[in-house]
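An overview of the molecular structure
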Amino acid sequence: MKRRRFLVASACLLGAPAFAQTPAFDAGFAEFRRARGLQVTASDARLVAVAAAIAADNEARGRLDHRDGQGRDLGERAAATRTAWRIVAENLAVGAANESEALDLWVASPPHRANLELPAITRHGLARVRTYWALVVAG
């Protein structure tokens, strides 16, 4: 059985295979939130960019870290969107084969699940670089 590395913690490289936001993730995340009586969030290009940057940074450094290579935390990185978010949170993962698997990993991890269940979030951004995933949620 292939062992996956998944670190619990509660974001572009030229030429690095990457993707951002997919309808499959949007549908799965919406279903997760709806089932808990929470507002469904909308994809936000600004948050996708924040997620893509930390995913690329983590892939380049070969580790999961909520601080980028310049030492900036999520608050500092999200502030660069020039939006006054009331709340912002980030989930990271490595090793998931697809967006559904990444969501399943976060749902199974209490600190990550807590971020998914934040009542105040209204927007989200998902990105992947190779097997490094980042989800940024905000409201």
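Here is a short report on the structure shown in this document. These numbers were taken from a predicted model, which means no experiment stands behind them.

Here we look at the packing of helix H1 (residues 23-35) against helix H4 (residues 99-108)
- At a minimum axis distance of 9 Å, the contact between H1 and H4 shows a crossing angle of 30°. Our classification of the angle between H1 and H4 gives roughly parallel. The hand of the H1/H4 crossing is right-handed. Where H1 abuts H4, its residues Ala-24, Phe-25, Gly-28, Phe-29 and Phe-32 lie against Glu-99, Leu-103, Trp-106 and Val-107.
- Of the residues contributing to the contact of H1 with H4, the split by class is 7 nonpolar, 1 polar and 1 charged.

Overview of the pairing of strand S3 (residues 88-94)
- Counting buried positions along S3 yields 6 of 7 residues, so the element is predominantly enclosed.
- Of the strand pairs in this sheet, S3 and strand S5 (residues 132-138) are connected by 7 bridges, and their pairing is antiparallel. Directly across from Glu-90, in S5, lies its bridge partner Val-136.

What to know about H1
- Relative to the 18 Å expected for 13 residues at 1.5 Å per residue, H1 spans 18 Å between its end C-alpha atoms, a close match to the ideal helical length.
- Three or more residues of H1 are buried, namely Phe-25, Phe-29, Ala-30, Phe-32 and Arg-33. The buried residues of H1 occupy one face: seen down the axis, they fall within an arc of 160°. Facing away from the buried side of H1, by more than 90 degrees, are the exposed residues Pro-23, Glu-31, Arg-34 and Ala-35.
- Considering only its buried residues, H1 is in contact with H4, helix H5 (110-116), strand S4 (123-129) and S5.
- One or two positions beyond H1, positive phi appears at Gly-37, with a value near 70°.

Rules used in this analysis
- Residues numbered from 1 in each chain as written.
- Predicted model: local features only at pLDDT ≥ 70, side-chain atom pairs only at ≥ 80, totals over all residues.
- Heavy atoms only, no water.
- Axes fitted to C-alpha atoms, helices over the stretch in contact; angles between N-to-C directions.
- Helix = DSSP H or I, 4+ residues; strand = E, 2+ residues; numbered from the N terminus.
- Parallel < 35°, antiparallel > 145°, perpendicular 65-115°, else oblique.
- Left-handed = near helix turned anticlockwise from the far one by under 90°.
- Contact = heavy atoms within 4.5 Å.
- Nonpolar A, V, L, I, M, F, W, Y, C, P; charged D, E, K, R; others polar.
- Buried < 20%, exposed > 50% of the residue type's maximum accessible area, 1.4 Å probe, protein only.
- Pairing = 2+ DSSP bridges.
- Expected span 1.5 Å × (residues − 1).
- Arc of directions from axis to C-beta.

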